[in-house]
Amino acid sequence: MSSGEPQTWHHGLIADYWAHFNDDFRPHEIPYFRRFIEDDGQPALDAGCGSGRLLIPYLRAGLDVDGCDVSADMVARCREKAEREGLSPTLFVKPMHDLDLPRRYRTIYVCGAFGLGSTREQDLQALHRFREHLEPGGRLLVDIEVPYADTDQWPLWTKEGRAGLPHAPEPPERGRLAPDGAEYGLRARYAAFDPLEQRMSWVMVARRWRDGALEAEETHRLDIGLYFKNELLLMLERTGFREVLVHGDHVDAPPTPDDDFVVFVATK
Ligand SMILES: C[S@@+](CC[C@H](N)C(=O)[O-])C[C@H]1O[C@@H](n2cnc3c(N)ncnc32)[C@H](O)[C@@H]1O
């Protein structure tokens, strides 16, 4: 992958899909981050805000939260959804490693977005940019899905498991009906996996149908940097955070080996 613009698939039809269908995804994450914002954590920044799954409920609750995302399409969907509710968020189109915003924050949270599309160098740079954008005593919250969470993915760490890569992209055969009257379908396939560099790539085919007829098809790629708990802990310490706690899957408790997600709570 290039070391330039992060390679994510959150554009076009995939951004539409997120905006239409992902509001109810992993609902326990929303009160988890919200507690930190309410606890002397305003203003807050949602880094990788996507179509506003967390940001919009927080704005609705009157919290002072800005958003940023590398995808102009995701930011546009977020703005449209917010404006439909009479909300007018401050949103920026920016990759997190290149963050350069006018405000400083008490909380920066990154939910489901760290390591997506970017290189390792960019991820480390992003941690520095987050620290720079925090007020003294401010908190950075970053979650990751641990690399061993997905049973289908784990064989790809072995030579034998990678033998069939890349898997051929396959279009989805059917979709879900959205409020705009169209049906949207997604199907993702593994494209590459490098266990030495802890990187993998997916390719997703997205389709939209209207009145049963195929109207649009797009193919997008997502590169992901995989991080283990202790590795990201070291990176946060190296970035200069004063104190770093690790929580389980969006709960206020230490992680267990059975947690699929962990959250880092780093204080400047
Ligand atoms: C899985 S979505 C999560 C969106 C939102 N945080 C949520 O939980 O609903 C990941 C988002 O991160 C954004 N993203 C990926 N890489 C990024 C980067 N390097 N800098 C900023 N945003 C990024 C994508 O465009 C996408 O909107």
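Report follows, based on the coordinates. Here the structure is a predicted model, which means the values were calculated and not measured.

What follows covers unusual backbone geometry. Residues Gln42 and Pro43 are joined by a peptide bond in cis, for which omega reads 0 degrees. Within the fold, Pro43 resides in the loop between α2 (29–38) and β1 (44–47). The residue after Leu165, namely Pro166, is reached through a cis peptide bond having omega -5 degrees. Mapped onto the elements of the fold, Pro166 is located in the loop between α6 (159–162) and β6 (176–177). The phi dihedral of Asp211 is positive, around 50 degrees, even though this residue is not glycine. Tracing the chain through its elements places Asp211 in the loop between β8 (199–210) and β9 (213–225). For His250, which is not glycine, the phi torsion reads 60 degrees and is therefore positive. Positionally, His250 belongs in the loop between β10 (243–247) and β11 (261–267). Since its relative accessible area comes to 4%, His250 is described here as buried.

This part covers the sheet that holds β1. The sheet built from seven strands is open, its strands ordered β3-β2-β1-β4-β5-β11-β10 with mixed pairing. Looking along the sheet, the strands with just one partner apiece sit at the ends: β3 (91–93) and β10. The average undirected angle you get between the axes of adjacent strands in this sheet is 15 degrees. Taken together, the four bridges between β1 and strand β2 (residues 65–69) define a ladder with parallel strand orientation. By the bridge assignment for β2, Asp46 is matched with Gly67. Against the sheet, helix α4 (residues 72–84) touches β2 and β3, its axis set at about 165 degrees to β3.

Let us now look at the sheet that holds β8. Ordered by their spatial adjacency, four strands build an open sheet running β6-β7-β8-β9, and the pairing between neighbours is antiparallel. This sheet does not close on itself; its edge strands, each paired only once, are β6 and β9. Sheet topology note: the strand β7 (residues 183–194)/β8 ladder contains eleven bridges and is antiparallel. Following the sheet pairing, Leu186 is matched in β8 by Ala206. Strands β6, β7, β8 and β9 of the sheet are contacted by helix α1 (residues 12–21), whose axis makes an angle of about 120 degrees with β7.

Once that is clear, we can look at the packing of aromatic side chains. Each aromatic ring pair is summarised here by two numbers: the centre-to-centre distance and the angle between the ring planes. The tally for this structure, following the rule as stated, stands at 14 aromatic pairs. Ring plane angle 70 degrees and centroid distance 6.4 Å describe the contact between Phe21 and Tyr184, whose orientation is recorded as edge-to-face. Of this pair, Phe21 sits in helix α1 while Tyr184 sits in strand β7, and the two are 163 residues apart along the sequence. Of the two residues examined, Phe21 and Tyr184, each falls in the buried class. Judged by centre distance (5.2 Å) and plane angle (80 degrees), the ring pair of Tyr32 and Phe33 falls under edge-to-face. Taken together through their ring pairs, the aromatic side chains of Tyr32, Phe33, Phe36, Tyr58 and Tyr109 make up a single cluster. Lying over the aromatic face of Phe261, Arg26 brings its terminal NZ or CZ to 3.8 Å of the ring centre. Over the ring of Phe36 we find Arg35; its NZ or CZ atom is 4.5 Å from the centre of that ring.

Thresholds applied
Residues numbered from 1 in each chain as written. Predicted model: local features only at pLDDT ≥ 70, side-chain atom pairs only at ≥ 80, totals over all residues. Heavy atoms only, no water. Helix = DSSP H or I, 4+ residues; strand = E, 2+ residues; numbered from the N terminus. Buried < 20%, exposed > 50% of the residue type's maximum accessible area, 1.4 Å probe, protein only. Pairing = 2+ DSSP bridges. Axes fitted to C-alpha atoms, helices over the stretch in contact; angles between N-to-C directions. Contact = heavy atoms within 4.5 Å. Phe/Tyr/Trp six-rings, centres within 6.5 Å; stacked < 30°, edge-to-face > 60°. Lys NZ or Arg CZ within 6 Å of the ring centre and 35° of its normal.

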